[in-house]
Amino acid sequence: MNIEPEQHHVGNDSSSLVQEAVARHQAPLLRYATRLLGGDVERARDVVQDTFVRLMAQPAAAVESHLAEWVFTVCRNRAHDVLRKEGRMKRFEEGQAERLTAADPRPGRTLERNEQHETVLRLIDHLPHNQQEVIRLKFQNGFSYQEISRITSLSVTNVGFILHTAIKALRREMAAQPD
Amino acid sequence: MENEEMMQNTLLPDDPRLTAYALDEMEPAERMEFEKQLQQDATARQMVAEIRATVASLANALADEPISLSMPAAEGERSVAHAAIIPGRDFRRLDGGPLVPEGMLGKKIKFPHFYYLVSGLAAACFAVFFVYWQRTAPLHENKKYLEVPLTAANSTGEAGGIKVELHTAIPAAEESGSLLSVQVDRASYAAIRRFIQQGQRPPVNAVKIEELVNYFPYDYAGPERAGSKGEFSGPPFAAHLEVASAPWAPEHWLVRIGLKGREVSEAARLAANGTLVAIAKEVSMQVKFNPVVVQAYRLIGYEHRSLAKDDFNRDSITAGEIGAGRMVTALYEVVPVGIEMPVASGVDALKYQMAKADYPNSKARNPGSTEMLTVQIRYQDPVGNGRNQLEFPLYDKGTRFADATEDFKFASSVAAFGMILRDSPYKGLATLADVAAWGRAGVGRDAGGYRNEFIGMVERSKRLLQ
C-alpha cells in the first residue's frame with residue numbers, strides 16, 4: 001500500500017505498547033512457551049511472535065493495565081493450540097510427571113554458581129509439568145493466584161492446591177538433599 | 001472436651017490454605033479466621049514457617065534461572081551467550097541443560113564447541129555492555145527535552161530481587177536511541193506485590209511511585225476519534241487535569257495530569273501494517289506553574305533518579321512518541337503561596353522547585369481568573385515536521401479531597417502507599433489506614449478487580465510495616 005519507507009518507519013516507532021511488551025516479556029515468554037512446548041524453541045519462537053502480533057490488534061487501553069497477564073494468557077493458549085494440532089497434548093496432561101530434563105550430578109564445574117540455587121532449580125525441573133508452570137508463574141513472574149487462574153484457566157482453588165502440593169514436595173526434597 | 005475440639009481443628013499438612021496463608025493470598029475475612037486456628041495449632045504454625053522458608057529459596061533460585069534459551073540470530077549472540085553463561089546449568093550442554101530438544105539431551109560439548117562457548121561469553125560481555133550503553137546514552141542525547149523521562153522502563157534491574165528483568169534485553173535494533181517513548185514502566189507494582197505476598201517489606205528502591213500510579217487504568221476519555229476514513233481533525237491528546245487538596249497534607253494541593261492519546265479505528269491500525277498507530281511524535285510536555293498562586297511544586301515519584309542527574313527542572317516530561325490510546329498519569333504536589341515551605345519541617349527542599357516568574361500572561365487569555373498552572377504539550381504529527389502546541393490551563397476551584405473524582409482519589413491512595421513504603425518525608429499525615437480508605441473511596445467500577453486487589457494488598461501490608 002504505502003511504500004514510503006518513512007511511513008513504515010513511523011509505523012514501527014509507534015507501537016510503544018508492543019515495544020514495551022517485547023522488551024519486558026519476550027524473553028520470559030519465550031522461556032514459558034519453550035517449556036510448554038516440551039523444549040521446542042523454534043515453535044516457541046513462533047508462538048511468542050504470534051502473541052505479539054495479536055497484541056498489536058488490541059486497543060492499547062484494553063490491555064495495558066494487565067499487559068503481563070494478557071501476553072502470558074495468549075501465549076499459553078497459542079502453545080496449546082500448537083500442541084493440540086500436533087496431537088502432542090497428551091504429553092502434558094495434568095499430573096503427568098513429564099521430565100523435560102535429565103539432570104545428573106555433574107562433576108568438574110568450573111563456572112562460579114550458586115550451588116543451592118542450582119539444586120533448587122533441578123528439583124523444580126523434576127516436578128510434574130503443571131506444578132512447574134504454576135510455580136514459575138508465581139515465583140518467577142510474580143503473578144497472584146487470581147492472575148495465574150486467569151492465565152491457565154485453572155480455578156483459583158486449583159492453583160492454590162497445585163502450589164501447595166508443589167511446595168510441599170520441594171520442601172521434602174530440599175530437606176533430603178545432602179548439604 | 002477442649003482437647004477434642006482442638007484435635008478436630010488441627011490443620012493437616014495437605015491443607016492448601018497453609019500455603020495460601022503463607023503467601024498472603026487470603027481474603028481478609030478468611031485470613032482472620034485462619035489465624036485463630038493457627039493460634040491453636042503449633043504444628044501448623046511450624047508448617048507455615050517452613051513453607052515461607054521454602055518459598056524464599058524458590059524465589060531466589062528462580063530469580064537466578066536463565067531467562068533466555070536461545071534466540072534467532074537477529075537478536076543476536078547476546079541471547080545465545082546468555083544461555084552459555086547461565087549459572088547453575090550444565091555448561092557442557094550447549095543450551096545449559098534443561099529445555100533441550102530431546103535429541104540433544106546428554107550430548108556433551110565437543111572440543112570445537114568450546115570455542116563457541118568462549119566466543120559466546122565474549123559476546124555476552126559485549127551485549128551486557130551494549131545494553132547498558134543503549135539504555136543510558138539516549139538520556140544524555142535528549143537532554144534538551146528531557147526533564148523527566150517517561151521511560152523509567154529500563155531501570156527495573158534496580159528493583160530489589162527482580163533480577164530477571166535485567167536479562168530482558170531489548171533487541172538493540174529496536175532501540176532507536178534518539179526518541180524516548182511514552183512508557184512508564186509498571187514493573188514496580190508487580191515487584192512490590194510479590195514482596196508483600198511473600199511477607200516481606202519491599203526494599204525502598206523497588207518502590208517507584210510513578211510506576212505504581214501508572215499501573216492502573218483511569219477513566220480518561222480520549223479526544224475525538226477518527227472519522228470513517230481514518231482521517232483526524234483536532235488534537236491527538238486529551239488532557240485531564242484535576243486539583244484538590246492533598247490528602248496527606250491538606251494545606252497543599254495535589255494536581256493530577258492525565259494524558260490520553262487518541263484512539264484510532266481498526267482500519268487505521270491495519271493501514272499501518274498492523275502495528276500500533278503513532279498519533280504524535282517528538283512529544284514533550286511541560287507544566288508551567290503560575291507564581292502568583294504557586295510557591296513551589298514537586299513531581300511525585302521518580303525518586304530513584306539520583307540527584308546528580310537531576311540538574312534539570314522537574315517540570316517537563318518528554319514522551320517521545322505517543323501511540324493510539326495510551327494514557328499517562330503524573331501527580332504534582334503543590335505548595336500554595338503563603339504557606340510555610342515544608343523545609344521547615346525537615347523535608348529536603350531540593351526536591352521542590354520554586355515557581356518561576358516566566359509564566360505566560362494568563363490574564364490576557366482569561367481575564368478575571370487566575371490560573372494555577374498550564375500544561376503545554378508540543379508534538380509533531382506522525383507524518384510531517386510541523387510543530388504543534390496544545391495548552392491546557394488549570395484553575396483552582398478550592399476542591400476538597402473528599403469531593404475529588406474517584407480516579408483522583410485512587411491515584412492519591414496509590415501515591416501515598418508508595419510514599420509510606422519508601423518512608424518518604426513527604427508522606428505527611430498518611431497512614432496505611434488512610435491509604436486503604438482513600439483507595440476504597442476511589443475504587444469506582446474497577447473493571448478487572450485491580451483496584452480491589454490493591455486495597456487488599458494495603459491491608460496485608462499493615463502487618464509488615466508495624
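What you are looking at is a predicted structure, and each value in this text was computed from that prediction instead of being measured.

Each helix and strand counted, chain B has 14 helices and ten strands in total. The buried share of chain B, taken over its 466 residues, is 48%. For chain B, contacts bridging at least 24 residues in sequence account for 74% of all contacts bridging at least 6.

When helices and strands are counted, chain A shows nine helices and zero strands. In sequence order, chain A lays out its α and β elements as α-α-α-α-α-α-α-α-α. For chain A, buried positions account for 48% of its 179 residues. Long-range contacts, defined here as pairs at least 24 residues apart, represent 65% of the contacts in chain A between residues at least 6 apart.

All names here are of chain B. What the five strands build is an open sheet, ordered β2-β3-β7-β5-β8; its pairing is antiparallel. Of all strands in the sheet, those bounded by a partner on one side alone are β2 (237-246) and β8 (353-354). With eight bridges connecting them, strand β3 (residues 249-261) and strand β7 (residues 327-336) associate as antiparallel partners. Across the sheet, residue W253 finds its bridge partner in β7, namely V334.

Okay, unusual backbone geometry next. Backbone phi values are negative for most residues with the exception of glycine, while trans is the configuration of most peptide bonds. All names here are of chain B. In this structure, D24 takes a positive phi of about 55 degrees despite not being glycine. Topologically, D24 is positioned in the loop between α2 (17-22) and α3 (28-39). Residue classification places D24 among the buried residues on the basis of 20 C-beta atoms within 10 Å. Even without being glycine, D423 reaches a positive phi, approximately 50 degrees. Here D423 is to be found in the loop between α12 (406-421) and α13 (432-441). Taking the C-beta count within 10 Å as the criterion, D423 has 11 such neighbours and is therefore assigned exposed.

Residues and elements named next belong to chain B. In terms of residue burial, helix α8 (residues 187-197) counts as a mostly covered element, since eleven of its eleven residues are buried. Inspection of α8 places A187, S188, Y189, A190, A191, I192, R193, R194, F195, I196 and Q197 among the buried residues, and these make up the whole buried set. Looking at the residues trailing α8, positive phi occurs at G199, about 80 degrees.

The side chains of a regular strand alternate between both faces of the sheet. Residues and elements named next belong to chain B. Judged by how many residues are buried, strand β5 (residues 294-299) sits mostly within the fold: five of six residues are covered. As judged from the five bridges shared by β5 and β7, these two strands associate in the antiparallel manner. Each residue of the ladder has a partner; that of V294, found in β7, is P336. By the bridge criterion, two bridges tie β5 to β8 in an arrangement that is antiparallel. Residue pairing across strands places Y297 opposite Q353, the latter belonging to β8.

Positionally, B:E251 belongs in strand β3. Taking the C-alpha atoms as reference points, B:E251 and B:E340, separated by 89 residues in sequence, lie 9.5 Å from one another.

Quick look at the nonpolar core now. Soluble globular proteins tend to bury their nonpolar side chains together. Within the largest apolar cluster, 135 residues are counted, with the highest numbers of intra-cluster contacts made by A:A33, A:V71, A:C75 and B:V255. Ignoring anything within four residues of it in the chain, the contact list for A:A33 reads A:A44, A:V47, A:V48, A:C75 and A:A79.

What follows deals with the packing of helix α5 (residues 67-85) of chain A against helix α8 (residues 145-152) of chain A. Residues and elements named next belong to chain A. Two elements in contact, α5 and α8, have axes whose closest approach is 8 Å; the angle formed by their N-to-C orientations is 35 degrees. α8 is crossed by α5, and the crossing has right-handed handedness. Counting all contacts with α5, which are made through E69, F72, T73 and R76, the residues of α8 involved are E147, R150, I151 and T152.

Residue and element names in this part refer to chain B. Inspection of the secondary structure puts I209 in helix α9 (residues 209-215). Spatially, the C-alpha atom of I209 lies 9.9 Å from that of L331, the residues being 122 residues apart in sequence. In this structure I209 touches I300, G301, A415, G418 and M419, once residues within four positions along its chain are discounted.

A pair of packed helices is characterised by two quantities: the angle between their axes and the separation of those axes. Here helix α7 (residues 129-139) of chain A crosses helix α4 (residues 42-64) of chain B at 85 degrees, and the two axes come no closer than 10 Å. One element, α7(A), and the other, α4(B), form an angle in the roughly perpendicular class. Contact residues: α7(A) offers A:I135, A:R136 and A:F139, while α4(B) offers B:V55, B:L58, B:A59 and B:L62. Tallied by class, residues from the contact of α7(A) with α4(B) come to six nonpolar, no polar and one charged.

Under the 1.5 Å per step criterion, the end-to-end length of α12(B) is 23 Å for 16 residues, consistent within 8% with the ideal 22 Å. Most of α12(B) is tucked away, with 15 of its 16 residues classed as buried.

It is worth spelling out the confidence of the model for chain A at this point. Residues and elements named next belong to chain A. The predicted model of chain A averages 76 in pLDDT, with 75% of residues at 70 or higher. Under a pLDDT of 50 for its full length, residues 1-14 has, in the predicted model, 22 contacts with residues more than four places off or in other chains. Residue range residues 90-113 is modelled with pLDDT below 50. Its contacts to residues more than four positions away, or to other chains, number 35 contacts.

It is worth spelling out the confidence of the model for chain B at this point. If pLDDT is low for a region, its predicted coordinates should not be looked at in detail. Residues and elements named next belong to chain B. Looking at chain B as a whole, its pLDDT mean stands at 69, while 59% of the residues score no less than 70. Mean pLDDT across the elements of chain B ranges from a minimum in helix α7 (residues 164-167), with 20, to a maximum in α12, with 97. Of the regions scoring below 50 in pLDDT, residues 1-6 engages in one contact with residues more than four places distant in sequence or in other chains. Between residues 134-183, whose pLDDT stays under 50, and residues either more than four places distant or in other chains, the model counts 116 contacts. Confidence metrics for the complex model read pTM 0.49 and ipTM 0.75.

What counts, and where the lines are drawn
Residues numbered from 1 in each chain as written. Chains lettered and ligands numbered in written order. Predicted model: local features only at pLDDT ≥ 70, side-chain atom pairs only at ≥ 80, totals over all residues. Helix = DSSP H or I, 4+ residues; strand = E, 2+ residues; numbered from the N terminus. Buried ≥ 20, exposed ≤ 12 C-beta atoms within 10 Å, placed from the backbone. Contact = placed C-beta atoms within 7 Å. Pairing = 2+ DSSP bridges. Core = buried A, V, L, I, M, F, W, Y, C linked by C-beta atoms within 7 Å. Axes fitted to C-alpha atoms, helices over the stretch in contact; angles between N-to-C directions. Left-handed = near helix turned anticlockwise from the far one by under 90°. Parallel < 35°, antiparallel > 145°, perpendicular 65-115°, else oblique. Nonpolar A, V, L, I, M, F, W, Y, C, P; charged D, E, K, R; others polar. Expected span 1.5 Å × (residues − 1). pLDDT = per-residue confidence, 0-100.

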